[in-house]
Amino acid sequence: MNAAKLLDEAKTASGFQSSLPGPLASVVQSAVADWQSSGKMKRLWQRDATLWTGDDEAKWLGWLDTVEEQLAQHERLQKLAKEVQQRGFEHILLLGMGGSSLCPEVLRMTFGRIPQFPTLHVLDSTDPAQVKWFEHQIDIPKTLFIVASKSGSTLEPNIFKQYFFERTRQAVGTTKAGNHFIAITDPGSKMQQVAESDHFLHIFFGRPSIGGRYSALSNFGMVPAAAMGLDTKTFLDRAAEMVRACSANVAVTENPGAQLGIILGAAVKAGRDKITLVTSPGVSDLGAWLEQLLAESTGKNGKGIIPVDREHLAAPEIYGNDRVFVYVRLQSGANADQDARVAAIERAGHPVMRITMSDIYELGAEFFRWEIATAVAGSIIGINAFNQPDVEASKVVTRSLTSEYEKTGSLPAEKPVLEDAGIKLFTDEKNDAAVAKLATEPTLAGYLKAHLARIKPGDYFAVLGYIQMNAEHEQSLQAVRHAVRDKKGVATCLGFGPRFLHSTGQAYKGGPNSGVFLQITCDDSVELPVPGQKYTFGVVKAAQARGDFQVLAERGRRALRVHLGSNVKAGLATLQSAVQKAL
């Protein structure tokens, strides 16, 4: 089989095209030849851990046959859909984090409300204003809550459940509260025990051999899909077509998952480790799911892919030679401006891959294609694509801070390195010394200028916002990231905390030390108690932000924290103008 076939711009049956510059094309060509001659796709399907690091990878490949399993038991999903309708629920609120919440969010954003079914909402933030906002969106007596937690011990879904179970108990009475709750969790977990003791309507089990970020086509994705009225049979049938196309007996040059994964892995080896995700408006939220899959799977041992999502397309000369672009184009809803901009980037010689989706039900197929591609890329990069060693580090710090709060009623005192214009700056000693040395004046703009001066070619800049995730806040933070991108010519990322901790946070801490971070925190104007605990949602969020920052600092990352105070809108405006001045 001619390995160069992959490099043609001929469109394959899987809706995949690639246009690669010469140096990258030759690296890809040799990787294709190696994967074909060494039978590596067969080894992947045989669950051969030595394809990665020879560690515990074989234990985490249950997702390879989850589509087959879901189709075999499909009547359970149909039965659930019918029951949700019969019980008259008008809202579904999914309570989860990371792999348990990102797929349902993509489905919600892509399919919207399906007639005669409830509206799906997804809560994955401990920000008290965000929790309260969701509470105002729903009518509790007409709401079904889905608590999604693989391990059953994840802090956020547990406190979401405590809060909303108590609210439901107050609204409908103790004996009926359980009828408003479903759990999705692994067998034997703490969440199973909670669900049984609180008489939940149903418990759907995850598979212990499927990690959270690979769980989209398992119960973690398909139970919420069924409850919101998705045609899960069509969705899974499309996914099954991709499973067959990616199977062990398909030549590497014809295998859509292998094609994509080999290019991604080879690009990292060639120094192009920033994957810029471009998605048609109709599937715009797919990028959030891909961010987690790619960053958490590959970003470790000082290596990995840094996914860049929701960055507006610019003129080709803005981009460095550390980028690769993937354009997921929805045929039925393509955007002409996007088409033109991607074409210009390709003409300028940047590597561009195009994936064409005929309609939104192709999402199921894309989930599987990208899971295979990520596993393949992980093998080429030389890491275990199924663990997340650095995610736990910030959880440990958060747990110790919340435990201290339970004992003392307060978090440890902090001293800012600078106060100016109503904003406080915090950082560790090493970062403080580096920034102070470069700062020409002791002002907010002066410190930001010094911090941003540490960005070098080949770096990336990430804004980490521990504030309510809404359109207004996102617009402000997008303005900051794009100002830096356009001035410094580097890739930029934007994440809202704490949700990115279960996603890109792994790559930021464990991946290449090429990130420059701006963490943003605030004083919460709304305070919300967690039933049964001394700590509040705001205390949990503050502890998570501190834990995140501490681990970034311990890992030698260039990081600065900007604390906005309680008027977030005014604080963001001040920050935006200081960044403009700094640049």
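Regarding the overall build of the protein
Helices and strands together make up the secondary structure of the protein, namely 22 helices and 16 strands. Relative to the globule expectation of 25 Å for 583 residues, the C-alpha radius of gyration of the protein, 23 Å, shows essentially globular dimensions. Taking all 583 residues of the protein together, the buried fraction comes to 61%. Long-range pairs, those at least 24 residues apart, make up 78% of the contacts in the protein with a sequence separation of at least 6. Summed over all atoms, the accessible surface of the protein reaches about 20800 Å², with 50% contributed by carbon and sulfur. Computed over 63 positive and 62 negative side-chain charges, the separation of the two mean positions in the protein equals 2 Å.

Some details on the pattern of salt bridges
Taken as a whole, this structure holds 38 salt bridges when the rule is applied. For the salt bridge of Glu346 with Arg354, the shortest nitrogen-to-oxygen distance reads 2.3 Å. Each member of the pair, Glu346 as well as Arg354, carries the same accessibility label: buried. A network of salt bridges, in which partner residues are shared, links Arg47, Asp65, Glu69 and Arg207.

Thoughts on the sheet that holds strand 1 (residues 16-19)
Within the open sheet, the five strands sit side by side as 1-10-9-7-8. Their pairing is mixed. The sheet terminates laterally at strand 1 and strand 8 (306-308), the two strands that pair on one side only. Looking at each pair of strands side by side, their axes are set apart by 20° on average, direction ignored. Note that strand 9 (residues 323-330) and strand 10 (residues 352-357) share six bridges and pair parallel. By the bridge assignment, Val326 is partnered in strand 10 with Met353.

Some points on a positive patch on the surface
Judged by side-chain charge, Lys449, Lys456, Lys487 and Lys488 come together as a positively charged surface patch. Note on Lys487: relative accessible area 55%, which makes it exposed.

So, the confidence of the model for the protein
Summarising the model, the protein shows a mean pLDDT of 95, and 98% of its residues fall at 70 or more. The low-confidence segment residues 1-13 (pLDDT under 50) makes 29 contacts with residues lying over four places distant or belonging to another chain.

Focus on empty space enclosed by the protein
This structure, assessed with the given rule, holds two cavities of 30 Å³ or more. Volume-wise, the largest cavity comes out at about 140 Å³. What lines the largest cavity is a set of 17 residues, and nearest its centre among them are Glu291, Gly495, Phe496, Arg499 and Phe500. When residues of the lining of the largest cavity are traced back to their parent elements, those giving at least two are helix 13 (286-298) and strand 14 (491-496).

Some points on the side chain of Glu291
Tracing the backbone shows Glu291 in helix 13. Buried and unpaired, Glu291 has no salt bridge, with Arg310 as the nearest side chain of opposite charge at 4.6 Å. Apart from the residues lying within four places of it in its own chain, the contact partners of Glu291 are Leu277, Glu296, Pro307, Asp309, Leu494, Ser503 and Thr504.

Describing helix 10 (residues 219-227)
Across the nine residues that make up helix 10, a large majority, nine, are buried. Those residues of helix 10 that sit buried are Asn219, Phe220, Gly221, Met222, Val223, Pro224, Ala225, Ala226 and Ala227. Directly after helix 10, the chain includes Gly229, whose backbone phi takes a positive value near 95°.

Parameters and conventions
- Residues numbered from 1 in each chain as written.
- Predicted model: local features only at pLDDT ≥ 70, side-chain atom pairs only at ≥ 80, totals over all residues.
- Heavy atoms only, no water.
- Helix = DSSP H or I, 4+ residues; strand = E, 2+ residues; numbered from the N terminus.
- Rg over C-alpha atoms; globule rule 2.2 N^0.38 Å.
- Buried < 20%, exposed > 50% of the residue type's maximum accessible area, 1.4 Å probe, protein only.
- Contact = heavy atoms within 4.5 Å.
- Areas by Shrake-Rupley, 256 points an atom, 1.4 Å probe, with all protein chains shown as cover.
- Lys, Arg positive; Asp, Glu negative; His and termini not counted.
- Charge placed at Lys NZ, Arg CZ, Asp CG, Glu CD.
- Salt bridge = Lys/Arg side-chain N within 4 Å of Asp/Glu carboxyl O.
- Pairing = 2+ DSSP bridges.
- Axes fitted to C-alpha atoms, helices over the stretch in contact; angles between N-to-C directions.
- Patch = residues over 30% accessible without salt bridge, like charges linked within 9 Å, V, L, I, M, F, W, Y side chains within 5 Å.
- pLDDT = per-residue confidence, 0-100.
- 1 Å grid on protein atoms, 1.4 Å probe; cavity = no way out; pocket = protein on both sides within 12 Å on 5 of 7 lines; lining within 4 Å.
- Points joined across faces, edges and corners; volume = space filled by probe spheres on them.

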